[in-house]
Amino acid sequence: MTRPTLRPKNPCFSSGPCAKRPGWRLDDLSGAALGRSHRSTEGKARLAELIERTRAVLGIPADYRLGIVPASDTGAFELALWSLLGPRGVDVFAWESFGETWNADIAGQLKLADIRTFEAPYGRLPDLGRAAPDRDIVFTWNGTTSGVRVPHADWIAGDRRGLTFCDATSAAFAMDLPWPKLDVTTWSWQKALGGEAQHGMVALSPRAVERLQSHTPAWPMPKIFRLVQDGALIEGVFRGETINTPSMLAVEDHLDALKWAERIGGLPALIARSQANLRAIEAWIAGSSWASFLAEDAATRSCTSVCLKVAHPMVPKKLAALLEAEGVAYDIDAYRHAPPGLRIWAGATIETDDLRRLFPWLDWAFAQVTAS
């Protein structure tokens, strides 16, 4: 096969940290409050601005609390589990590595007695219809390591008595999240808007806030997980007074990405860009003899962390390494605990033209690896 000559302008297809917005330059962050305390007037103002711009772009209801927390989405979701689980039985839905992690932590670390686990192999969803409205529900909206997403929220009862815990880290800013069905929602800056690592966000419904104030966990709470003091919500967390020290450079970077999202048309434009990328991948897959989607049902295909199966299990790592050496695509090997394959980020910061330039290289690399 002839070696392609046209390369993607941006070879960054990693699923986290993800590609920066189109046109991003380090100089755009020159106004960052570096060397300043995050508790200074300027520092708190920047953090509060980030919270409110995030609320506006994602359409988070005004009565939901929204805060910045440490340790990326992992820290945000663990904070939620440790702070809010306990009063009710828990239904955990797991179909990829992060769902499996939350289930293991609930059972092994929090040691809750009343847990029901509904699992499915990579590529499929478990039976979501088995969720009980009187129990808490824990799930990922988009399986970052499997490329399988929840297609809708009809399975979540509107009159539920339990809380829903949604890990939305590779769905926020790329998929339409139904906030009335979500009580505790977390994500990180490093996914769909291409932010820097280590910072997470948590959105809490009024029902989740009520649980926080009325429920005392049976286990010791690390300082970085504490959202309540003397039975009252620590409101400062939701006004930019973070639990620990954030990177003000990362804050400025995420503000830059949020302003870009606003300029291009907000959440509808972000979703449209990601959907266009998925359609481009679907068109290429339709003509491929060696690659296919890991997600078995088209309705559950992720439009961000697109996971592909490859005809031979030894090929993906070599193929990914070859394309990295060529400077064509970085970090597209499957997640380490997932089945062998490729994982291509297709969120809104990826240009569709770059994907179209990537496809001939994928075919070329497959031919090279299999020939050798």
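Residues numbered from 1 in each chain as written. Predicted model: local features only at pLDDT ≥ 70, side-chain atom pairs only at ≥ 80, totals over all residues. Heavy atoms only, no water.

### Thoughts on the environment of F359
In this structure, F359 sits in helix α8 (residues 352-371). As for F359 and P8, which are separated by 351 residues in sequence, their C-alpha atoms are 9.7 Å apart. Beyond its immediate stretch of four places on either side in the chain, F359 contacts A280, I281 and W284. (Helix = DSSP H or I, 4+ residues; strand = E, 2+ residues; numbered from the N terminus. Contact = heavy atoms within 4.5 Å.)

### Brief notes about the pattern of salt bridges
Working definition: two side chains of opposite charge can pair if their charged atoms are close together. Counted under the stated rule, the structure contains 26 salt bridges. In this structure, D183 engages R160 in a salt bridge whose closest nitrogen and oxygen atoms are separated by 3.0 Å. Taken together, the residues D183 in the loop between β7 (164-167) and β8 (184-188) and R160 in the loop between β6 (148-149) and β7 connect sequence positions 23 residues apart. We classify D183 as buried; its relative accessible area is 1%. Given a relative accessible area of 9%, R160 falls into the buried group. Residues R273 and E351 are paired through a salt bridge, measuring 3.0 Å at the closest nitrogen-oxygen approach. A residue pair is termed long-range when its members are at least 10 positions apart, and R273 in helix α6 (residues 266-286) and E351 in the loop between β14 (342-345) and α8 qualify at 78 residues. Exposure remark for E351: the relative accessible area of 33% places this residue in the partly exposed category. Look at the salt bridges and you will find they share partners, linking R21, R25, D27, D28 and D256 into a network. (Salt bridge = Lys/Arg side-chain N within 4 Å of Asp/Glu carboxyl O. Buried < 20%, exposed > 50% of the residue type's maximum accessible area, 1.4 Å probe, protein only.)

### Section: the layout of surface pockets
For the largest pocket, the calculated volume is near 360 Å³. Taken together, 20 residues line the largest pocket, and the ones lying closest to its centre are G16, F98, K191, Y335 and R343. Considering each element in turn, the lining of the largest pocket owes the most residues, three residues, to helix α2 (residues 72-84). Looking at the lining of the largest pocket, its residues break down into three nonpolar, ten polar and seven charged. Looking at the second largest pocket, its volume works out to about 210 Å³. Within the residue set of the lining of the second largest pocket, elements represented by two or more residues are α4 (206-214) and β10 (228-229). Ranked by residues supplied to the lining of the second largest pocket, first place goes to α4 with three residues. Per-class residue counts for the lining of the second largest pocket are six nonpolar, seven polar and two charged. (1 Å grid on protein atoms, 1.4 Å probe; cavity = no way out; pocket = protein on both sides within 12 Å on 5 of 7 lines; lining within 4 Å. Points joined across faces, edges and corners; volume = space filled by probe spheres on them. Nonpolar A, V, L, I, M, F, W, Y, C, P; charged D, E, K, R; others polar.)

Purely spatial values, then, with no claim about function.
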